[in-house]
Amino acid sequence: LGCGAGLPGLYCCRRGAKQVDFQDYNEEVLKLLTHTNVLNNQAESDGLSSLSRYFAGDWSSFCSLAARENLKYDIILTAETIYNTDDYSKLHDVFKTVLADTGVIYLAAKTYYFGVGGSIDSFIEYVRGENCFNIEIVHSVNKGVQRKILKLWHLSNNALSEEGTES
C-alpha cells in the first residue's frame, strides 16, 4: 500500500510470491516508476509482470474495490503511510477489508513526522483503540532518522505474536 517504487513488492516477487499487487494514490507513479521497475527486473525473474497488478487511487476507493472483488492478502507491506493522522481511519479500513484471517501486515515508518503530526505512538494508540488488530514493534532503528517496523495481525489470531520481537 502506497508502493511508490515498489521495491518491497519486487523483493516478494523475487522470493517466490505467486501474486503481488501494487497500490499507490498516484496513477503516474504506478505507470512511470512502479511498473517500470517491475519491467526492469523481469529479465532476472521470468514472468514477473504477469504476477503483478496495479491499483491507483486513495485507500477508500481501493477498499471499495477490494470489498467488491473479495481481495484478501496474506501479507501487506506499507511504508511511510502514517505521516498524516487524518488518514489513519482510511488505512485501517483497508487493513480490515483486505487482510486474510491469518495474514500479517508490516508497516515501516519514521518514529515522528514533523509538520504533519503522525507518529508511531499515535498510530499504535489509534489501532489499539479500534480493537481489531494486535500490534507490536518488531524492529527499531535508533541512529539518524529514527524508524520502526510494526507488525499487525487480527486479534483472533494470537498465535502470530510469538514470531515478533522488539529489537
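Let me begin by describing the structure that accompanies this report. This is a predicted model, so every value here is computed, not measured.

Calculation criteria
Residues numbered from 1 in each chain as written. Predicted model: local features only at pLDDT ≥ 70, side-chain atom pairs only at ≥ 80, totals over all residues. Heavy atoms only, no water. Pairing = 2+ DSSP bridges. Helix = DSSP H or I, 4+ residues; strand = E, 2+ residues; numbered from the N terminus. Axes fitted to C-alpha atoms, helices over the stretch in contact; angles between N-to-C directions. Phe/Tyr/Trp six-rings, centres within 6.5 Å; stacked < 30°, edge-to-face > 60°. Buried < 20%, exposed > 50% of the residue type's maximum accessible area, 1.4 Å probe, protein only. Salt bridge = Lys/Arg side-chain N within 4 Å of Asp/Glu carboxyl O. Parallel < 35°, antiparallel > 145°, perpendicular 65-115°, else oblique. Left-handed = near helix turned anticlockwise from the far one by under 90°. Contact = heavy atoms within 4.5 Å. Nonpolar A, V, L, I, M, F, W, Y, C, P; charged D, E, K, R; others polar. Arc of directions from axis to C-beta.

**Let's talk about the sheet that holds strand β5 (residues 133–141)**
Alright, step 1. Across the sheet, 4 strands lie side by side as β3-β4-β6-β5; this open sheet has mixed pairing. Strands with a single pairing partner mark the edges of an open sheet, and in this sheet they are β3 (73–79) and β5. Averaged over all pairs of adjacent strands, the angle between their axes in this sheet comes to 15 degrees, without regard to strand direction.
Alright, step 2. Sheet topology note: the strand β4 (residues 99–110)/strand β6 (residues 147–154) ladder contains 6 bridges and is antiparallel. Opposite Ala-108, over in β6, you have Ile-149 as the bridge partner.

**Side note on the packing of aromatic side chains**
Alright, step 1. If you walk through the whole model with that rule in mind, you get 7 aromatic pairs.
Alright, step 2. Considering the side-chain rings of Phe-95 and Phe-133, the 6.4 Å spacing of their centres and the 90 degrees angle between planes classify their relative orientation as edge-to-face. One end of the pair, Phe-95, is in helix α4 (residues 88–98); the other, Phe-133, is in strand β5, and 38 residues separate them in sequence.
Alright, step 3. Overall, the relative accessible area of 0% leaves Phe-95 in the buried class.

**With respect to the pattern of salt bridges**
Where side chains of opposite charge bring their charged atoms close, a pairing between them can arise.
Alright, step 1. Applying the stated criterion across every chain yields a total of 4 salt bridges.
Alright, step 2. Here Glu-80 makes a salt bridge to Arg-147, at a shortest N to O gap of 2.4 Å. Of this pair, Glu-80 sits in the loop between β3 and α4 while Arg-147 sits in strand β6, and the two are 67 residues apart along the sequence.
Alright, step 3. Residue class for Glu-80 comes out partly exposed when judged on its relative accessible area of 28%.

**Some thoughts on unusual backbone geometry**
Alright, step 1. Located in the positive-phi region is Glu-80, a residue other than glycine, with phi close to 55 degrees.
Alright, step 2. Even without a glycine there, the phi angle at Asn-131 is positive, about 55 degrees.
Alright, step 3. Note that Asn-131 resides in the loop between α5 (120–130) and β5.
Alright, step 4. With relative accessibility at 55%, the residue Asn-131 sits in the exposed group.

**A look at the environment of Leu-1**
Alright, step 1. The topology assignment puts Leu-1 in the segment before α1 (7–14).
Alright, step 2. Along the primary structure Leu-1 and Tyr-25 are separated by 24 residues, whereas in three dimensions their C-alpha atoms are 8.9 Å apart.

**What to know about the packing of α4 against α5**
Alright, step 1. Direction vectors running N to C along α4 and α5 enclose 55 degrees, while the axes themselves pass 11 Å from each other. As far as their axial angle goes, α5 and α4 are oblique. Regarding α4 and α5, the two cross each other, and that crossing is right-handed. Packed against α4, whose contacting residues are Tyr-88, Ser-89, Leu-91, His-92 and Phe-95, the element α5 presents Ser-122, Phe-123, Tyr-126, Val-127 and Glu-130 at the interface.
Alright, step 2. The residue inventory of the contact of α4 with α5, partitioned by class, reads 6 nonpolar, 3 polar and 1 charged.

**Regarding the packing of α1 against helix α2 (residues 27–42)**
Alright, step 1. Two numbers describe how α1 lies on α2: the axes approach to 10 Å, and their chain directions differ by 30 degrees. As far as their axial angle goes, α2 and α1 are roughly parallel. α1 and α2 meet at a crossing whose hand is right-handed. Residues Leu-7, Leu-10 and Arg-14 of α1 form the contact with α2, whose own contacting residues are Asn-37, Val-38 and Asn-41.
Alright, step 2. Tallied by class, the residues present in the contact of α1 with α2 amount to 3 nonpolar, 2 polar and 1 charged.

**Here's the deal with α5**
Alright, step 1. Those residues of α5 not exposed but buried are Ile-120, Phe-123, Ile-124 and Val-127. Taken end-on, α5 shows its buried residues confined to a sector of 100 degrees, consistent with a single buried face. Of the residues in α5, the exposed ones pointing more than 90 degrees away from the buried face are Asp-121, Glu-125 and Gly-129.
Alright, step 2. Considering only its buried residues, α5 is in contact with α4, β4, β5 and β6.
Alright, step 3. Looking one or two residues past α5, Asn-131 carries a phi angle of roughly 55 degrees, positive in sign.

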